[in-house]
Amino acid sequence: MDCSLVRTLVHRYCAGEENCVDSRTIYVGHREPPPGAEAYIPQRHPDNRIVSSKYTFWNFIPKNLFEQFRRIANFYFLIIFLVQLIIDTPTSPVTSGLPLFFVITVTAIKQGYEDWLRHKADNAMNQCPVHFIQHGKLVRKQSRKLRVGDIVMVKEDETFPCDLIFLSSSRGDGTCHVTTASLDGESSHKTHYAVQDTKGFHTEEDIDGLHATIECEQPQPDLYKFVGRINVYSDRNDPVVRPLGSENLLLRGATLKNTEKIFGVAIYTGMETKMALNYQSKSQKRSAVEKSMNVFLIVYLCILVSKALINTVLKYVWQSEPFRDEPWYNHKTESERQRNLFLRAFTDFLAFMVLFNYIIPVSMYVTVEMQKFLGSYFITWDEDMFDEDTGEGPLVNTSDLNEELGQVEYVFTDKTGTLTENNMEFKECCIEGHVYVPHAVCNGQVLPDASGIDMIDSSPGAGAREREELFFRALCLCHTIQVKDDDDVDGPRKSPDSGKSCVYISSSPDEVALVEGIQRLGFTYLRLKENYMEILNRENGVERFELLEILSFDSVRRRMSVIVRSATGEIYLFCKGADSSIFPRVIEGKVDQIRSRVERNAVEGLRTLCVAYKRLIPEEYEGVCTLLQAAKVALQDREKKLAEAYEQIEKDLILLGATAVEDRLSADMQDHGLIIDGAALSLIMKPREDGSCGNYRELFLEICRNCSAVLCCRMAPLQKAQIVKLIKLSKEHPITLAIGDGANDVSMILEAHVGIGVIGKEGRQAARNSDYAIPKFKHLKKMLLVHGHLYYIRISELVQYFFYKNVCFIFPQFLYQFFCGFSQQTLYDTAYLTLYNISFTSLPILLYSLMEQHVSIDTLRRDPSLYRDIAKNALLRWRVFIYWTFLGVFDALVFFFGAYFMFENTTVTSNGQIFGNWTFGTLVFTVMVFTVTLKLALDTHYWTWINHFVIWGSLLFYVVFSLLWGGIIWPFLSYQRMYFVFIQMLSSGPAWLVIILLITVSLLPDVLKKVLCRQLWPSATEKVQTENQCLSVEQSTVFMLSQTSSSLSF
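Per chain, residues are indexed from 1 in the order of the written sequence. For this predicted model, a pLDDT threshold of at least 70 governs which residues receive local features, and a threshold of 80 or more governs which side-chain atom pairs are given and counted, while totals over whole chains, interfaces and linings are taken from all residues. To get the side-chain values, take all heavy atoms of the structure and skip hydrogens and water.

An unreviewed UniProt entry annotates the protein as Phospholipid-transporting ATPase of Felis catus. UniProt positions are given in the numbering used here, feature names are shortened, and annotations may be inferred rather than shown by experiment. Of the protein, the UniProt comment under Cofactor (unreviewed entry) reads exactly: "Mg(2+)". UniProt's Sequence similarities (unreviewed entry) comment on the protein is quoted here verbatim: "Belongs to the cation transport ATPase (P-type) (TC 3.A.3) family. Type IV subfamily."

Colleague: I keep staring at the overall build of the protein and nothing clicks. Help me out?
Modeller: The helix count covers DSSP runs of H or I at least four residues long, the strand count covers runs of E at least two residues long, and both are numbered beginning at the N terminus. Looking only at helices and strands, the protein features 35 helices and 34 strands. Exposed residues in this analysis have more than 50% of their type's maximum accessible area, buried residues have under 20%, and partly exposed residues fall in between, with area computed by a 1.4 Å probe over protein chains only. Buried residues in the protein amount to 50% of all 1050 residues. Contacts in the protein between residues at least 24 apart in sequence constitute 72% of all its contacts with a sequence separation of at least 6. All accessibility values rest on the Shrake-Rupley procedure with a 1.4 Å probe; residue burial counts only the protein chains present in the view. A total accessible area of about 50,600 Å² is found for the protein, and carbon and sulfur atoms account for 58% of it. Note on contacts: a residue pair qualifies if any of its non-hydrogen atoms lie within 4.5 Å across the two residues.

Colleague: Just to check I follow, could you spell out the sheet that holds strand S8 (residues 212–217) for this structure?
Modeller: Read from one edge of the open sheet, four strands run S1-S8-S9-S10, paired in antiparallel fashion. Of all strands in the sheet, those bounded by a partner on one side alone are strand S1 (23–27) and strand S10 (240–244). Shown here is a sheet whose adjacent strand axes are inclined to one another by a mean of 20°, direction ignored. Sheet topology places strand S9 (residues 228–232) next to S10; five bridges connect them, and they run antiparallel. Residue pairing for S10: Asn-231 is matched across the bridge by Val-241. A strand pair is defined by DSSP finding two or more bridges across the two strands. The convention used is that axes are lines fitted to C-alpha atoms, helices contributing only their stretch in contact, and that angles between N-to-C directions extend from 0 to 180 degrees.

Colleague: Looking at this structure, I do not really get the pairing of strand S28 (residues 607–616). What am I missing?
Modeller: Note on strand geometry: in a regular strand, side chains alternate between the two faces of the sheet. Of all 10 residues that make up S28, seven are buried, and the element is covered over most of its length. Relative to S28, strand S26 (residues 571–577) is paired through seven bridges, and the arrangement is antiparallel. Bridged to Tyr-572 within S28 is Arg-615.

Colleague: How do you make sense of the packing of aromatic side chains when you look at a structure like this?
Modeller: Aromatic ring pairs: the centre-centre distance and the angle between the two ring planes describe each pair. Two aromatic rings from Phe, Tyr or Trp, using only the six-membered ring of Trp, form a pair when their centres are within 6.5 Å; if the ring planes differ by under 30 degrees the pair is stacked, by over 60 it is edge-to-face, and anything between is tilted. Evaluated as defined, the whole model comprises 55 aromatic pairs. With a centroid separation of 5.1 Å and an interplanar angle of 85°, the aromatic rings of Tyr-76 and Phe-77 are classed as edge-to-face. Just as Tyr-76 is buried, Phe-77 falls in that class too. Relative to Phe-925, the ring of Phe-840 has its centre 6.1 Å away and its plane inclined at 70°; by these criteria the two rings are edge-to-face. Placement of Phe-840 in helix H26 (residues 830–840) and of Phe-925 in helix H31 (residues 917–939) is noted, with a sequence separation of 85 residues between them. On the basis of relative accessibility, which here comes to 0%, the residue Phe-840 falls in the buried class. Grouped by ring-pair contacts, the aromatic residues Tyr-358, Phe-809, Tyr-828, Tyr-832, Tyr-836, Phe-840, Phe-925, Phe-957, Tyr-958, Phe-961, Trp-965 and Phe-982 constitute a single cluster. Criterion for a charge above a ring: Arg CZ or Lys NZ at most 6 Å from the ring centre, at most 35 degrees from the ring normal. When the ring centre of Tyr-532 is taken as reference, the NZ or CZ atom of Arg-544 above it lies at 4.4 Å.

Colleague: Got a minute to help me understand the state of the cysteines in this structure?
Modeller: Disulfides are covalent bonds that link the sulfur atoms of two cysteine residues. What counts as a disulfide here is a pair of cysteine sulfur atoms lying within 2.5 Å. For the coordinates displayed, the defined rule picks out zero disulfides. Residue Cys-575 stays outside any disulfide, its sulfur separated by 6.4 Å from that of Cys-478, the closest cysteine. The exposure class of Cys-575 is buried, given its relative accessible area of 1%.

Colleague: Sorry, what's going on with the sheet that holds strand S33 (residues 754–758) here?
Modeller: Sheet strands associate in pairs through backbone hydrogen bonding, adopting either a parallel or an antiparallel arrangement. Taken in spatial order, the five strands line up as S14-S34-S33-S32-S15 in an open sheet, and their pairing is mixed. Each edge of the open sheet carries a strand with a single partner, namely strand S14 (395–396) and strand S15 (410–413).

Colleague: Honestly, the pattern of salt bridges in this entry has me stumped. Any pointers?
Modeller: Side chains that differ in sign of charge can pair as their charged atoms come close. We count a salt bridge whenever a side-chain nitrogen from Lys or Arg sits within 4 Å of a carboxyl oxygen from Asp or Glu. A full pass over the atoms with the stated rule returns 39 salt bridges. A salt bridge links Arg-861 to Asp-384; its shortest N-O distance comes to 3.2 Å. Within this pair, whereas Arg-861 is found in helix H28 (residues 857–862), its partner Asp-384 is found in the loop between helix H12 (377–380) and S14, the two being separated by 477 residues in sequence. Two residues, Arg-597 and Glu-428, come together in a salt bridge whose shortest N-O distance is 2.8 Å. Within this pair, whereas Arg-597 is found in helix H17 (residues 591–603), its partner Glu-428 is found in strand S16 (residues 420–431), the two being separated by 169 residues in sequence. When its relative accessible area of 4% is taken as the criterion, Arg-597 is described as buried.

Right, here's the structure in full:
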């Protein structure tokens, strides 16, 4: 009996580590393991198809409708439309159905077109040809047909079709270079390493003969994390086990560079690749304007219900009088008389809800979305925010928060690369108390032109020479720098042997600065070749060190180490890191002198690192290898086990010295008020048993509020997010903005109300996870003071104006019920009810919300006080909202009663006829359309030909439409109650007089209020507007006088 299956299951589930849910097994080339090794357990995985689309041909209509009707406004109008279909209502179902249909159709067409483009892109990607190995031969097939376990060949400049484990390459050292610009925006070349036991397989036959299985974690979206191991079978039954990490993983979407070809095995395909998993969007952020808009909508829903309830009650009160419920001209049927009273009342209530439902602006949401989407292009088109050095411009990852840029109260910023230029310059190093400054102090000698440099002691003794060179060797070896050795693509080739002509590449600018600084002090790092690191010493001799292990840097340990073997066989561990992580692990060295120098440099704003080492005897090194190997091959909790191993290895160190690197501040950066480090912050934020944490936190919060700026040093990424959350959730609930340029800033960028990434030198993870991205920190000023200010002004007016014009629209309908016996008779024609929001008054406010500039851009940038003028959602506060609502009520009263009293008995046409019901409603509607449009014209400060065209064109369209609607007999209408009504109204002289008079009376209070407030209680914005107007008048006067004087002759 074959017990391999039992043995495999016992090993997998009872070893106390692996779990079938958390890991997967891949059989390389779909080859079963050798007999007796482990059981072959087939597994099902998705194919390599990428699906970025949301819809299919069959589910588009139901799925899209479901998504659209999840919005409360759309669902509300759907209910109203159904009520109109079910019961007898005063208005046609067309009046609510057509606007709803228009909104739904426009949105569906937009989303359908966008999804069609996604389908097109998916098909092009899924049908790309891919080369893979089958029976020792190279076969070509479509990318979508790839399966997990296939061995793939990728050539130079091709993109990887799926996530691959790197098996071998055309390079002799088993490396390859890739770029990941399509994944994280980083264009620099990254080096990946083939599996040690397979890097010698260079032909299709060799690869096809490989017997191996891969155990790895289930798919997860982190681009920079991978945990796995490979079991390579040879003639023996016991496989060779090698750890697999992110350095062995080639991601889909990355491009092969400077390498002829590579072979890899597919481990994640299709929608399980890391690229596909990163398609998922971040959590939705909502702006303060959107929240206010939803609150206002609820208020208007309450007003709507109140109106319907009041009219329902008054209807039955009015009908309680004799003969009013059943007048002689409208007798009820017997079934109507027997109908339940409560059922009749509920039906009437629904009918009034339908009659007044237009107070809810269904088209407002569409207009807001269009305004945000189109308005976001003004940021991307801004030439002032384009950086010519990098060729980068601003990016908008979400347009939902445009107006939030105008409400920011607290800015949280990363320092390195954000406030600073991220151009590192090596300033000095301190070795056992002796200061070394490139080109100033070297080897104890003060060089010319170096006077005034502060030195502790520049005369090391003879015994310190060994430690000095050991320090320089440590900095030349303890890093992850690559040397460009093949620049045929990017430029001429540069030989590392030529000394200072080396071109260093690293993800960390600090490492490059340190290696270049040590180069100026006599030691040059040459290359990493066949696992040997070569350096050039002061005597121009090449020293070779075998690279045994790299203990990678992480933000928790805040240090990194390498273990190397010298040519003489000595094994060294070199460690560099933050002083807080090095000093506690040191048992020897001049700690006090070096600590003093580090603190002095830190106060001056320099970036400091400490360097330490220890020698390992062979027995110690074997123990280190065993400890690291056990942690590296672990599939579960590998990071935790590695951290524990590093903690045991990096101890009992000998301190060598410290370095200081300068990262200059960007222009216009000011000093800071409060300085606090990460350790102190941990004490403040950490809960205590006695519950005193809250007191410390409140005290810290109060101190921060009273400082103009706060500088937090040496913070972990999580601490950055905690600071943002602390301020964000304080009792004032201020709007926060976080800006950074590195992966360690992502947490605070996601935590803040608005996240901005700087497209800097630390990769593009911050830019990818942000709401907006800018090339330089200095561009933040215009982003907030100009774009944010204007976005907020525009959308605030849009929201208030929509509610205002709908109050003007529906309140006369409410008043009309008092004069028609609460019979639910409509005041306006069906066409006017339908087109008011989607045609007659929609374009002017949309254009206003895109182009309005109440103050010039230069003034906004020059005067930050204008930004404070709109802080805390100033234009959408309850006081302003109530003013706009009452202004709409006042205008509605003027429209209705002005027309009613002026023409109650006197209004006649030229042939002596009295105006009828539809003429009265058309008169009110005409005054209303002109008033709300002219109200927007009065609020407009920035006039262009487009404004004139849209505003006056909208009024002209209304007039032309009314003439055509009432001047032609339309065959599709069963009855035409508006025939000749508009023309008859315009033929009356008194009607013209009333239209002009009512428009003037309606606009007058708002004009007077603005004039009085500007004179008596002017805001900062109004003061600037007045100054600009006065300046413009003075300039015009001077110009006219100069022209006049030049024309005079004496």
